[in-house]
Every structure is written in C-alpha cells, then in structure tokens.
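An overview of the molecular structure
Residue-level listing of the chains:
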Amino acid sequence: MISMNWVKDYVNIDDVDLKDLALKVTKAGVNVEKVITNNLKNLVIGEVVECVMHPDSDHLHVCKVNVGKEIIQIVCGAPNVRTGLKVIVALPGCVLPDGEIKRGVIRGQESNGMLCALYELGIVEKTEELYKKGIEELDSDAKVGEDPIKYLGLDDTIYDLDLNPNRMIDCTNHIGFAYEVASVLGRKVNMPSLETNPVTDIVSTDLDIETENCTMYNLKEVRNLKVGPSPKFMVERLEAAGMRSINNIVDISNYVMLEYGQPLHFFDKDKVGDQILVRMAENGEKLTVLDKSELELTTDDIVITDGNKPICLAGVMGGLNSGVDENTTNIIIESAIFESMHIRHTSLKFNLRSEASLRYEKGLNSDYCEQAIERACHLLEKYAGGEVLTGTICHDTTDRSEKVAKVKVSDVNKFLGINMTLENCLESLNKLGFKYTVDGEEMTVTIPARRLDVEANKADLIEEIGRLYGYDNIKAELPVIPDKKGEYVGSVKVRKQLSKRLRALGLNETRTYLLQSEEESKLFNYDFKEKIKLLKPMSSDKEYVRQSLIPANLKVVDYNNARGVKDVCIYEIANTYYDEMTEETKICVVMKGNYLINNWNQTKIKCDFYVIKGICEDILNYFGLKNRYEFAVAELNDMHPGMSAEVIVNNIKVGFIGRVHPSVRKDEVYVLELSLNKLMDFNVKSIKHKEPSIYPSISKDLSFVMKKDVESKIIKSQIKKSGTRLLTNVSEFDVYIGENVKDDEKSIAYNLTFNDPTRTLNDNEINEIIDRIVKDVEEKCNATLRR
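Note that the coordinates shown come from a computational prediction; the quantities given were computed from them, not determined experimentally.

About the thresholds
Residues numbered from 1 in each chain as written. Predicted model: local features only at pLDDT ≥ 70, side-chain atom pairs only at ≥ 80, totals over all residues. Heavy atoms only, no water. Helix = DSSP H or I, 4+ residues; strand = E, 2+ residues; numbered from the N terminus. Rg over C-alpha atoms; globule rule 2.2 N^0.38 Å. Contact = heavy atoms within 4.5 Å. Areas by Shrake-Rupley, 256 points an atom, 1.4 Å probe, with all protein chains shown as cover. Lys, Arg positive; Asp, Glu negative; His and termini not counted. Charge placed at Lys NZ, Arg CZ, Asp CG, Glu CD. Phe/Tyr/Trp six-rings, centres within 6.5 Å; stacked < 30°, edge-to-face > 60°. Buried < 20%, exposed > 50% of the residue type's maximum accessible area, 1.4 Å probe, protein only. Salt bridge = Lys/Arg side-chain N within 4 Å of Asp/Glu carboxyl O. Pairing = 2+ DSSP bridges. Axes fitted to C-alpha atoms, helices over the stretch in contact; angles between N-to-C directions. Left-handed = near helix turned anticlockwise from the far one by under 90°. Nonpolar A, V, L, I, M, F, W, Y, C, P; charged D, E, K, R; others polar. Polar contact = N/O pair within 3.5 Å; in protein donor to acceptor, adjacent residues only side chain to side chain. Core = buried A, V, L, I, M, F, W, Y, C linked by side-chain atoms within 4.5 Å.

**A short note on the overall build of the protein**
Scanning the protein for helices and strands turns up 21 helices and 44 strands. The globule rule puts the C-alpha radius of gyration for 787 residues at 28 Å, and the 40 Å found for the protein is more than 25% above it. Taking the principal axes of the C-alpha coordinates as reference, the protein spans close to 125 × 80 × 65 Å. Put simply, of all contacts in the protein between residues at least 6 apart along the chain, 68% involve residues at least 24 apart. By element, 48% of the accessible surface of the protein is carried by carbon and sulfur atoms, the whole surface being about 41000 Å². If the 102 positive side-chain charges of the protein are averaged to one point and the 125 negative ones to another, these points end up 7 Å apart.

In structure tokens form, the structure reads like this:
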C-alpha cells in the first residue's frame, strides 16, 4: 500500500489527478491494481447530546445526536458512548464495507444511522483491542457536521500495487515509488531531512561481526528518549499503510522502514550493555522473541548477541530480553544488511514472516542502509526528545563498485522494434535519474544503487528506456511470415510424435499433479535417488516432488472407476525430479479392464501382461530399437513377482512393466514406465528399406521341451545363431504345460521362416539347417525336441 499523501513529501503532485497518474504509472510497467480513496458520502461529525439506556436491552443505548442540520435518534451498542462525546456518524445512504446504512427500528426504538469505529469504515484493520474500545472518540475541537475523514487527516489516496518480483525491491517503499512517479512525470525527487544536533558524547557500544552473512551493520545510540504517542501525521500514514500505531519509538522504526524500505531494529541500551556481536547461532541455542515464543536455533540462523547470549533473531524478530518498552530511555539503533537466503529460511522455519523479513529477503541497498539510520535519529530527536550521540559504528563489506552498462541507439531500436532517436533515449534516462555519457550513438550509463533490479547489461537498460518512452508509442505491425513452415524440434518433437502414436494405440492422455504424499513417493521408486521434499508444503499429500508418474495415474484410474468407467487405458509423458531438481522425462502407461471391445460380435481383449508388453514393444520399435531390447524377469517392490520385468536396451535398464502387486492394488492393474531421456540417448541408424523377395518363403515349426526356469530368449537366440542367413524370422506361438510334459518342464513352439532373395529354396537344404538347429539347441540349451 502506497499513501499518495506521503509521496507528496518527496515529489510535487499537487497539480496531478491521482487516477490519471495511476494509469500512467501502470503503463510504465508498475501495475497499480486499485486506487483507494476514503471519501464516503453521508458521513459526518456528530455530538451526542443525550444518552440513555435502551428500555428493552441491558447493553444498547438510545442516543440523541446533533449532526449539524438536525438532531437525530440513533441506537448504539458501544460501551464507550456517552453524552458530550464527539463521534463519527454514518447517516442513511452511507455505504460502508459491511453494507449500506438504512433507517430502522431496533427493539422498538427508531434508529436513523450508526455511530462508527474506524475499522467499520474500512480504514484500519479490526483487532480485538479496537473492538473492545468501541466507537471512535474525536477531540473536542471537531466541528459538528464536517467531514470526519478530512478532520482525521485520512483523506488520502492509496495505491494498491500488484508488483512484478523485480520491482518488489524498490517500489514497496515510499521513496522508491516517489522516484517512479517522478520518472513518469519528469520531475525531481526531494529527499527527507537527515539533520541532527548530536551531543559531544560518542557511541560507547563495541561492535564485532563474526559471520560473512552480515555484509553491512550500522550502529548509533540515542539517549534520554521520552516514550509517548506518535505525532498525528505519523499515525495516519502508518494506518494508511496497514500498520497500527504503538508509541513514538516503535512507530519511528516502522515509519523509516516504509519510507526507505530499510528495516531498523531498536535495542534497549540499558538491557543490552556495551557490546553487540553478530554471529551464527549454535545448535540448540534458545531465544525468546517479542511474541513470547521460545525458539530453538541452529547454525543456519543469524543472531545478534550481547557478547554472550542472543538478543535478536537477525532480520526476523527481536528478543524479549532487549526490546523497547514504556520505560526505555536509551537505545541502540541497528541498520544492517544480512544474507537474504538465511533470513528467508529462518523466517519460514519459525513461521515469522514480517514486513522486515520480506524486505531482507528481496535485497537492500547500502546507500539507503546508511541514510535510514540517520533519518531515524532525526525523527527520534524531533518527536521523542532524544539526544543523538556523535558518530556511527559501521561494518561494511558490500560491493560499492558502480554498475555501468553501454548501449547503442541501434540496439534499443532492434530490441524494441521501434525508431527512437538519441534524444528520445536520453530523455528517458534523464527521467529515470540515471547518469550517462555519450559517444556518438553509444550511451555509457551508471545505474544508481537504489535500483537493485536493474543489472549492468544491455537488456535491462533497453527495458528501462523503452518503458519510459512509452509502450503505447510502439506501433502494431503484422509479423513477416517465413516461407518455411514452423515445426516442433528436439525433445518436444519426440514427445508430440510419441503422444500421437500412443493415442493411435487407443490410450487416453492424462495430466497429473507434480506433488505427492510421502507414502506415494515410496512407490515404484527403483532408481534409489534422493527424493525432494518441499520446505513448506501446502498439505501433507503434496510434500514431495514425484519420481514416478504411476501413483498419480493410479488415482486417475480410481477417479474413473468411481464414476462408472471400468475400462481405463491411459498414458502420460511428463517430467520427474530427484537429487536437487535433476529432471528426467518418463513415459507412463496404466491399463485396467478391457483394452478393446467389439459389441457387434461380443469380442473383448482384456488388459494383461502381454497387451502392455506389446505396447512397450511398439514404443521401443518406434524409437528404432528393434532387436536391441529384452525383457528381464525381476523382483520389484510394488510389482507382482510373477508378472513383472525390467526393460533392457543395450544392457541398460530403461524402465519396467508388469502388474501392480496385490498388496498395493487388489484389482488387476498393469503399468509401464520408461525413461524417455534414456531412449533418446541411444544412437539409431537411418532406416534402410529392402525390396520384398520375389521368391517364396518356407515356414517350419519346432517345439522344444525345457525346464520351467529356462527363458525362451535363450532358445530363440540359439535358433538364430544356428539358422544361417537364410533364417529371416523366429517367433514363439505356443506354450504348453500339461499331459506328456513333466511337472517341472514346459514346451514352447517356435515358427521359423526361411527365405533367399536370389533364388527358390528346396526342402533338402532347409532340412539340413533344421537338423543343425535341433542338435545345437539340445546340446547347448539342455532342451529336447518335442515329437
């Protein structure tokens, strides 16, 4: 929230329509989401001239209220209403956040309005303390019939900003936003006064920094302070920004933070002593903070100590043992820059996000760090009667080198697609307050320290020049369409084509959520890679980043089953993550029920191991890996021990297939998961086309009996080796277990195809090859020909 009354202190906008200004600022790239004004119609100052108890209530009062033009009756339930009190009156027709005020009857008594508290007007946040206090009590000098908003100094215009992350650094404070307004209007910024009249005594506190996570620490002392209420303008501005006034000391700290964007911390000097030591906390060290909660610290937390014990959790919250209270007279002021990631992790860990910690997280500039502490001293001297001690103790390891970048006018025009002149560019830089030198068409620009979001590179400078020139000045032109048709390339092209192929196989595509529960993260995880757990998950079922696509797609199966869809054949191609966000793309297929149904002749093909194996083979063949893959029997957790296998390509495991274990799913569900990254890494030669043979092929069937634990691929491999070049294909077509076959044996039948593209084969030479095949299989594979 930005108070435009506050901004007027730094840039002259008295002649500017604030709604028009909001539009200009938005067009320049800083989005003003909402313009809020406190102008309420039918809201007046009134005086209670009579107050009696309601005859039918033990807490309501019937009041006669002078509103200027007349005296009206209002029923009020506030505990502090009384005769002679000046109050805020909402007359009938006044629209408040909770609705429109109307005439009515309350327990038989006429009521012609409402006596209001500030939170009921939507000006301040409702708190338990304000609720108990009752209606707002105005001073006796308030004039009856006048506008109470104007009397309270709350006739302000508030800009509610919706900022991009890069502008969260400078536009969340009033001086930073004033620079933005000045840039848009082409005006100058007047900085606030930092003057003080220090006493001759010098700062007596010793400062030691024992961590590199504190790059700047400024320390000053102010003594003989008088704690009391804050000046009216300060209270109004803090409330406009959404903060509640506490006392002049605390309010000045918050005021400077909202002014400069630099958080400050005030220590009670008499509680702290003569030493400040900044270090990393020790494991198990404890600190009770201002909200009276006790925190157990670790070595990742930065603490401020008195040389022995922690007195403040740096950048997050002060300690209860060093805080300012109503008896404070002497303080130590801290204005520092801490390493942003440590502040963020600490505030999240203890759930202590605050205005101060958010600013530390975004980053602070060293110039404002120095100016903010001087500004606080100026205000403490002026509004708290403090005596500022001479000197500032400063620790500074920040990089003070200037950010300088060069850019040419031609670069600006090329990037933005417009025709700006050198004068146009320099005008934008002048508005921004960026210093520069010019050599021909090249500009050498020095970026001020207050703009942490602008890096010393060409792109950032061009963006700043362009937005001040005005995006409205960029003319719309139709793009030039190249002759070549656009197409997908790389991995995106592979995913699109593969997805099209899987849809052609009758599968439906899904898109599932990236996060999963701890239980789901343990399922189907066979790579044994480190799982990624979120620091702050939204809920317990979304605390891990997925390593497998299967658990989420099993939920899709359940979702469809619950809605009467029993046949589910789905796939997903998506990314999984492990080991600090290493990315791997996987292909997942989940099948349950029937794969195909022909209602005409009542034919059904049920999903089983061989159906999903066929889909897997189709995928591998699509990648050009035919005759390079195999399915190896494997004992996999969460997979059925007799119906699962690993998929091996060139002796590299690329995935697995099979039925989900009954302990995981009682129903019959088959799954497939392959690594798309690994499949794309294999070298595949260009496809060579062969002309079909004009000579007939000869087909022979052989059936071998072998032990049940012998894999068919061993027999098949031996057949190929013994079959010479004339053997063009070998395939299994039957497995038999039963009569005439021993209990520990099985019989597998193979179909062999022979062909020679140059001539017709005869039975004699084929029989010779068959005999050799049978002999080799029996001798080398311990199998016998079934006759």
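**So, the packing of aromatic side chains**
For the structure on display, the rule yields 11 aromatic pairs. A centroid spacing of 5.4 Å and a plane angle of 80 degrees characterise the contact between tyrosine 260 and tyrosine 368, whose relative ring orientation is edge-to-face. Highlighted residues: tyrosine 260 in helix 7 (residues 248-260) and tyrosine 368 in helix 11 (residues 366-383), separated in sequence by 108 residues. For the pair tyrosine 260 and tyrosine 368, one class covers both residues: buried. Taken together, a centroid distance of 5.5 Å and an interplanar angle of 80 degrees make the contact between tyrosine 622 and phenylalanine 623 edge-to-face.

**Topic: the pattern of salt bridges**
Per the stated rule, a full pass over the model turns up 52 salt bridges. With a shortest N-O distance of 2.8 Å, lysine 269 and aspartate 274 are connected by a salt bridge. The partly exposed category is assigned to aspartate 274, whose relative accessible area is 48%. Between arginine 467 and glutamate 464 there is a salt bridge, with its nearest N and O atoms 3.1 Å apart. Of the two residues, arginine 467 and glutamate 464 are both situated in helix 14 (residues 458-469); the distance of 3 residues between them amounts to about one turn of the helix. With respect to class, arginine 467 is no different from glutamate 464; both count as buried. Ionic contacts of the salt-bridge type, sharing partners, join the residues Arg167, Asp170, Glu180, Arg451, Asp453, Glu464 and Arg467 into one network.

**Here's the deal with the pairing of strand 28 (residues 442-447)**
The side chains of a regular strand alternate, first on one face of the sheet and then on the other. Judged by which residues are buried, strand 28 turns out to be one-sided: Met443, Val445 and Ile447 face inward and are buried, whereas Glu442, Thr444 and Thr446, on the alternate face, are not. As paired strands, strand 26 (residues 403-408) and strand 28 are joined by 6 bridges and run antiparallel to one another. When the bridges of strand 28 are listed, lysine 406 appears paired with threonine 444. Judged from the 5 bridges that link them, strand 27 (residues 435-439) and strand 28 form a sheet pairing that is antiparallel.

**Focus on the environment of lysine 555**
Relative to the helices and strands, lysine 555 is located in helix 17 (residues 550-561). When the C-alpha positions of lysine 555 and asparagine 224 are compared, they lie 68 Å apart, and in sequence the two are 331 residues distant.

**A few points about the packing of helix 15 (residues 490-504) against helix 18 (residues 609-622)**
Relative orientation of the contacting elements helix 15 and helix 18 amounts to 145 degrees, with a least axis distance of 11 Å. Crossing handedness for the pair helix 15 and helix 18: right-handed. Two secondary-structure elements touch here, helix 15 through Gln497, Leu498, Arg501 and Leu502 and helix 18 through Ile615, Asp618, Ile619 and Tyr622. Broken down by class, the residue content of the contact of helix 15 with helix 18 amounts to 5 nonpolar, 1 polar and 2 charged.

**Topic: the pairing of strand 17 (residues 275-280)**
Bridge analysis of strand 14 (residues 206-209) against strand 17 gives 4 bridges, and the strand direction is parallel. Counted as the bridge partner of aspartate 208 is leucine 277 from strand 17. Judged from the 4 bridges that link them, strand 17 and strand 20 (residues 302-305) form a sheet pairing that is antiparallel. Counterpart to methionine 280 in the pairing with strand 20 is isoleucine 302.

**Here we look at the sheet that holds strand 42 (residues 727-736)**
With respect to topology, 4 strands assemble into an open sheet ordered 42-43-41-44, the strand pairing being antiparallel. Each end of this open sheet is capped by a strand with a single partner; those strands are strand 42 and strand 44 (784-785). Lying on the sheet, helix 20 (residues 712-722) is in contact with strand 41 (698-707), strand 42 and strand 43 (745-754); it crosses strand 42 at an angle near 150 degrees. Set on the sheet, helix 21 (residues 763-781) makes contact with strand 41, strand 43 and strand 44; between it and strand 41 the angle comes to about 15 degrees.

**Things to note about the environment of aspartate 756**
Its location among the elements puts aspartate 756 in the loop between strand 43 and helix 21. The spacing of aspartate 756 and lysine 484 is 272 residues in sequence and 45 Å in space, taken between C-alpha atoms. With residues up to four places along the chain from it excluded, the contact list for aspartate 756 reads Ser693, Tyr695, Arg725, Leu726 and Leu761. In this structure the side chain of aspartate 756 is engaged in a polar contact, spanning 3.4 Å, whose partner is the side chain of arginine 725.

**Focus: the nonpolar core**
Ranked by internal contacts, the top residues of the largest apolar core, which has 55 residues, are Met4, Ile13, Leu21, Tyr159, Phe177, Phe266 and Leu380. Val272, Leu313, Ala336 and Phe350 belong to the second largest nonpolar core, which has 34 residues in total.

**Considering the environment of glutamate 339**
Looking at where glutamate 339 falls in the secondary structure, it is placed in the loop between strand 23 (331-338) and helix 9 (340-349). Distance in space between the C-alpha atoms of glutamate 339 and methionine 216 is 9.9 Å, their sequence separation being 123 residues. Not counting residues within four places of it along the chain, the set of residues in contact with glutamate 339 comprises Asn213 and Ile302. Here methionine 341 takes part through its backbone nitrogen, which lies 3.2 Å from a polar atom of the side chain of glutamate 339.

**A closer look at the side chain of serine 675**
With respect to the element layout, serine 675 can be found in strand 40 (residues 669-675). On the basis of relative accessible area, serine 675 is assigned to the buried category, the value being 3%. Separated by 2.6 Å, the side chains of serine 675 and glutamate 584 make a polar contact. Here lysine 678 takes part through its backbone nitrogen, which lies 3.3 Å from a polar atom of the side chain of serine 675. Among residues more than four places away in sequence, those in contact with serine 675 are Glu584, Thr585, Lys586 and Val654.

**So, helix 12 (residues 409-416)**
All of the buried residues along helix 12 are Val409, Asp411, Val412 and Asn413. The secondary structure elements touched by the buried residues of helix 12 are strand 26, helix 13 (422-432), strand 28 and helix 14. Where helix 12 ends, the next residue or the one after it, glycine 417, has phi of about 70 degrees, a positive value.

**What about the sheet that holds strand 27?**
Strand order in the open sheet formed by 3 strands is 26-28-27, with antiparallel pairing between adjacent strands. The strands lining the two open edges of the sheet, one partner per strand, are strand 26 and strand 27. Shown here is a sheet whose adjacent strand axes are inclined to one another by a mean of 20 degrees, direction ignored. This element, helix 14, spans strand 26 and strand 28 of the sheet and lies at about 70 degrees to strand 26.

**Re unusual backbone geometry**
Trans peptide bonds make up most of the peptide bonds, and negative phi angles are found at most residues other than glycine. Phi at asparagine 224 is positive, roughly 55 degrees, even though this residue is not glycine. Topologically, asparagine 224 is positioned in the loop between strand 15 (214-223) and helix 6 (232-240). Judged by relative accessible area, which is 38%, asparagine 224 ranks as partly exposed. Unlike most non-glycine residues, phenylalanine 524 shows phi in positive territory, near 55 degrees. Structurally, phenylalanine 524 is set in the loop between helix 16 (518-521) and strand 31 (532-533).

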